[in-house]
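Coordinate analysis (summary)
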Amino acid sequence: RKADYVTLLQEDNGAVCGTGVFTLVESQAWLLALLEYTFVAPGLEGNPMLVRAGLRLMIDLFRARRGRRLFTAGAGYPVSVLLLGRYWPPLYMDGEPIDDPLIAEVLDVTRARLAGAAYDQERGCVVMPTIPPDPPVWWYARARRDPTFARYAALNPRWREGLELV
């Protein structure tokens, strides 16, 4: 598939320390930047490079939205979901009550585009072919203070088994 936006984060020595691959999905009512792949090196979650990369993307998306509601969506393990929630609020998670039909539609499109047959309706998760690395102890200490992590863990307690949440 063709990506509409690719962000590449590099250290001063040129080493890649993060990337994000987005495709755009559009309707008359909304514009969705669908995060298809992301990687951020451990410890860079609060790095200003992430903020700058996100702002550059947002400027382009705000120009393209033409009066439509703008959403960013993806499927992920807690590290990615916490980042998404921090930089792109508000954060809606599959399995929580959604009263807005527009947001429910965007979640449906996200499930279909990202997961397809890999979406497990019963568990409400995407079954991935990979097992996520266990985050470091310091990450857990910080995440336990974040209400978004509590929401994620309640909806997807088996994420360490390779289940991502939309």
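Anything mentioned here points back to the structure above.
None of these values were measured; they are calculated from a predicted model. Each chain carries its own residue numbering, running from 1 in the direction its sequence is written. Confidence filtering applies because this is a predicted model: local features only for residues at pLDDT of at least 70, side-chain atom pairs given and counted only at 80 or more, and all residues used for totals across whole chains, interfaces and linings. The side-chain numbers reported here are obtained from all heavy atoms of the structure, hydrogens and water having been left aside.

1. As for the packing of aromatic side chains
- Each aromatic pair joins two rings of Phe, Tyr and Trp (for Trp, the six-membered one) with centres within 6.5 Å, and gets the label stacked for planes under 30 degrees apart, edge-to-face for over 60, and tilted for any other angle. One pass over the structure, following the stated rule, counts two aromatic pairs.
- Ring centres of W139 and Y140 lie 5.3 Å apart, and the angle between their planes is 80°; this geometry places the pair in the edge-to-face category.
- A ring pair is formed by W139 and F149, whose centres lie 5.5 Å apart and whose planes are at 90°; its orientation type is edge-to-face. Of this pair, W139 sits in helix α4 (residues 137-143) while F149 sits in helix α5 (residues 147-155), and the two are ten residues apart along the sequence. Both residues of the pair, W139 and F149, count as buried.
- Every member of this aromatic cluster is reached through a ring pair, and the members are W139, Y140 and F149. Helical segments are the DSSP runs of H or I of at least four residues, strand segments are the runs of E of at least two, and each set is numbered from the N terminus. Only protein chains enter the area calculation, which uses a 1.4 Å probe; residues under 20% of their type maximum are buried, those over 50% are exposed, and those in between are partly exposed.

2. Considering unusual backbone geometry
- Even without being glycine, R66 reaches a positive phi, approximately 45°.
- Within the secondary structure, R66 sits in the loop between α1 (48-65) and β4 (69-74).
- The class for R66 is exposed, based on a relative accessible area of 62%.

3. Considerations on the pattern of salt bridges
- The salt bridge criterion pairs a side-chain nitrogen of Lys or Arg with a carboxyl oxygen of Asp or Glu, the two atoms within 4 Å. Inspection of the entire model under this criterion finds eleven salt bridges.
- Put simply, E96 and R151 hold a salt bridge, and the shortest N to O gap is 2.8 Å. One end of the pair, E96, is in the loop between α2 (78-87) and α3 (101-114); the other, R151, is in helix α5, with 55 residues separating them in the sequence.
- With relative accessibility at 23%, the residue E96 sits in the partly exposed group.
- With a relative accessible area of 28%, R151 lands in the partly exposed category.
- Here D120 makes a salt bridge to R123, at a shortest N to O gap of 2.8 Å.

In short, shape yes, function no, at least from these values alone.
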